[in-house]
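For reference, the chains in residue letters:
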Amino acid sequence: EWLLDLLKDESSEIDLVGPTLPALKMILVDLSPPTSPNAKDLYGWLVDGLLLSCLLNIDAMSGRDGLISAKKVKNNMLAALLILTVIPLLVKKLLESGE
């Protein structure tokens, strides 16, 4: 939830999201892959929800200009890119574990 709040933030010109992206990567990849069907479903919903939130935040900035808007779009694009590039690593990890 803290990450979603940071990705929506328009109150500061300070970049608080950039330093948290390694933590997002750790949450998505470095933790052991989910093994139960329910955990896999929840993980899938988490990834879908994060990606959807990033895209909605980017869309909300259409037609807006300024430093804060540019920072918000940049941070959401970086988070979405991280999510999309991490998914293949998770699939590889699941395949190696025999799931």
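Our structure's up above, just so we're on the same page.
Residues numbered from 1 in each chain as written. Predicted model: local features only at pLDDT ≥ 70, side-chain atom pairs only at ≥ 80, totals over all residues. Heavy atoms only, no water.

**Q** So, empty space enclosed by the protein: which residues are in play, and what are the values?
**A** Throughout the structure, instances matching the rule amount to 1 cavity of 30 Å³ or more. The set of elements that each furnish at least two residues to the lining of the largest cavity consists of helix H1 (2-8) and helix H4 (67-96). The biggest single contributor to the lining of the largest cavity is H4, with 4 residues. (1 Å grid on protein atoms, 1.4 Å probe; cavity = no way out; pocket = protein on both sides within 12 Å on 5 of 7 lines; lining within 4 Å. Points joined across faces, edges and corners; volume = space filled by probe spheres on them. Helix = DSSP H or I, 4+ residues; strand = E, 2+ residues; numbered from the N terminus.)

**Q** Got a sec to walk through the side chain of Asp 9? Specific residues and values, please.
**A** The topology assignment puts Asp 9 in the loop between H1 and helix H2 (21-30). In this structure Asp 9 is buried but unpaired, with Lys 71 as the nearest side chain of opposite charge at 4.4 Å. (Buried < 20%, exposed > 50% of the residue type's maximum accessible area, 1.4 Å probe, protein only. Lys, Arg positive; Asp, Glu negative; His and termini not counted. Salt bridge = Lys/Arg side-chain N within 4 Å of Asp/Glu carboxyl O.)

**Q** Which residues make up the pattern of salt bridges, and what are the values?
**A** This structure, assessed with the given rule, holds 3 salt bridges. Two residues, Glu 10 and Lys 72, come together in a salt bridge whose shortest N-O distance is 2.9 Å. Within this pair, whereas Glu 10 is found in the loop between H1 and H2, its partner Lys 72 is found in helix H4, the two being separated by 62 residues in sequence. With relative accessibility at 5%, the residue Lys 72 sits in the buried group. For Asp 15, the salt bridge goes to Lys 74, with nearest N and O atoms at 3.4 Å. Of this pair, Asp 15 sits in the loop between H1 and H2 while Lys 74 is found in helix H4, placing the two residues 59 residues apart along the sequence.

**Q** Tell me about the nonpolar core, residues and numbers included.
**A** Ranked by size, the top nonpolar core spans 17 residues in total, and within it Leu 7, Leu 21, Leu 24, Leu 28, Leu 50, Ala 79 and Ile 83 carry the most contacts. Elements with a minimum of two residues in this core: H1, H2, helix H3 (37-60) and H4. Excluding anything up to four places from it in sequence, Leu 7 contacts Val 17, Cys 54, Asn 57, Lys 72, Asn 75, Asn 76 and Ala 79. (Core = buried A, V, L, I, M, F, W, Y, C linked by side-chain atoms within 4.5 Å. Contact = heavy atoms within 4.5 Å.)

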